[in-house]
Amino acid sequence: MALPLLDGTTGEGGGQVVRLAVCLAALTSQPIRITNIRGSRSKRGLKSQHFTAIQWLAQATEADVEGLGVGSHTLTFSPRRPPTELLQRNVRITPQSSASSILLLVQALLPFLLFAGNDAGDPIELSLTGGTNVSFSPSYEYFDQVFLPALEESFGVKVERELRQRGWSLGPQSRGSGGKLSFIPPRPRASSEPHQVKVIHASIVVPEDAHETLRQAVAHHVNTLFPGSEVNFKIVEDSKSDARWFIFLVAESHSGSRWAADVICSASKKYRSRDDWIQKVSRTLCQQLHTEVHVGGVVDEHLQDQLVCFQALCDGFSSFPRDETSEGPADAVASIMDSVGLGDSRMRREKTHEPFGHGSTHTKTARWVAAELLPKVNFFNKGDLVQGVGMAFD
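Structural notes, computed from the coordinates. The model shown is predicted, which means the values in this text are computed figures rather than measured ones. Starting afresh in each chain, residues are numbered from 1 along the sequence in its written order. Selection of residues for local features in this predicted model requires a pLDDT of at least 70, selection of side-chain atom pairs for listing and counting requires 80 or more, and totals for whole chains, interfaces and linings are taken over all residues. Processing note: side-chain calculations cover all non-hydrogen atoms of the structure and skip hydrogens and water entirely.

### Things to note about helix H6 (residues 274-293)
- For H6, built from 20 residues, the straight-helix expectation of 28 Å at 1.5 Å per residue is met to within 8% by its first-to-last C-alpha distance of 29 Å.
- Residues of H6 that are buried: Trp277, Ile278, Val281, Ser282, Leu285, Cys286, Leu289, Glu292 and Val293. Here the buried residues of H6 occupy an arc of 155° about the axis, which is enough to place them on one side.
- Elements in contact with the buried residues of H6: strand S9 (197-206), helix H5 (211-225), strand S11 (245-253), strand S12 (258-265) and helix H7 (301-313). In this text, helices come from DSSP runs of H or I with a minimum length of four residues, and strands from runs of E with a minimum of two, each type numbered from the N-terminal end. Given the number of residues in a helix, its expected span is that number minus one, multiplied by 1.5 Å. Each residue is placed in one exposure class: buried if its accessible area under a 1.4 Å probe, protein chains only, is under 20% of its type's maximum, exposed if it is over 50%, and partly exposed if it falls in between. Of all possible arcs, the one meant is that of the directions from the helix axis to the C-beta atoms. Contact criterion: two residues are considered in contact whenever any of their non-hydrogen atoms come within 4.5 Å of each other.

Structure below.
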């Protein structure tokens, strides 16, 4: 029988196809073949973080693997053991490159680990070292303040976590370290309707001598763009280097919906003064957050694509729209539940042979990969509504 074949240039054409496809293949014990890996990137082929994730999943599932190596353009992955046969409960992973994002590693491993429960109910402890603040990758703060709260509130997935040390892709070489992660099985539900923003949570990790100026700038720009909202400085740390500036903002509504925006960079010398540059960075970031919130929906651009996998695996309907033209999640799920089996015209099932629906290219690609590996998942109304497969192991 021919292996399911995925072209790595499809959709966003980067590492997402590899991470999600191999994870779902390991979870469902089905072989896959991926060609043209990261074919739309300037540096094609597997990166260190992909190699590390696939190597661990291959060991956990006793998979037969071809093409596993940094820089490889083609991969064949044939797992032989399901996640329920995982004996190792204390997992420690260190990528070859100190700049590898440990949060992208978590994306590749977490769905598999969630279904690796045993009869004793023992937790799984996952310790990772690598990059926690890496350009073009999720930060630990996003993982901690946005992604994991969404998993717990919408799917019942509880994860204990701890950041022991930061690892940066900027400035002097460093490795970060995460702490214990423990899981319970997911359960689906519709997300809450968004309301007016209640509070902006700010995390700033910059040189200590810039703390006060940046705090004042963020407070000013938040009050201008989000009048009536509180400002909560959740984290204020010294980055100990002008090459390392990380600013992270989360807008939280009264109903608990969250949207985030961040910047990781080195200090610029192009401005007349450092204070001018701080004002510019703060104003730009706050404006990005304001724009994200007012797109509409209940999630930001990055959370929407990260939740697709969990929507596809869970039992029942779920909806996380990010588009003011989309149907609201609570009403949308209710209408679907009322119309199932009745041929209601509101039920518009999507074709899944290519990336599709509302949202970013990453979100559309995630839907396509999920549909390829989980053919029983159903997507409706431009992907705003998902009927998961109810993944379970006896």
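### Points about the nonpolar core
- As used in this record, nonpolar core signifies buried Ala, Val, Leu, Ile, Met, Phe, Trp, Tyr and Cys residues forming a set joined through side-chain atoms within 4.5 Å. Of all hydrophobic cores here, the largest spans 83 residues; its most connected members are Val22, Trp56, Phe77, Phe147 and Leu151.
- The contacts of Trp56, once residues within four sequence positions are left out, are Leu86, Gln88, Val91, Ile93, Leu109, Phe112 and Leu113.

### Things to note about the sheet that holds strand S4 (residues 75-78)
- Spatial ordering of the open sheet is given by S1-S2-S4-S3, a layout of four strands whose pairing is mixed. Only two strands of the sheet have a single neighbouring strand rather than two, namely strand S1 (5-7) and strand S3 (64-66). Within the sheet, the average angular offset between the axes of one strand and its neighbour, ignoring direction, is 10°.
- One requirement defines pairing of two strands: DSSP has to find at least two bridges between them. As judged from the three bridges shared by strand S2 (residues 32-35) and S4, these two strands associate in the antiparallel manner. Directly across from Arg33, in S4, lies its bridge partner Thr76.
- An axis is simply a line fitted to the C-alpha atoms; with a helix, the fit covers only the stretch in contact. Between two such axes, the angle follows the N-to-C directions and lies from 0 to 180 degrees. Along the sheet, helix H1 (residues 15-28) contacts S1, S2 and S4; its crossing angle with S2, the most-contacted strand, is approximately 170°.
- Those strands touched by helix H2 (residues 48-61) are S3 and S4, and its axis lies near 30° from that of S4.

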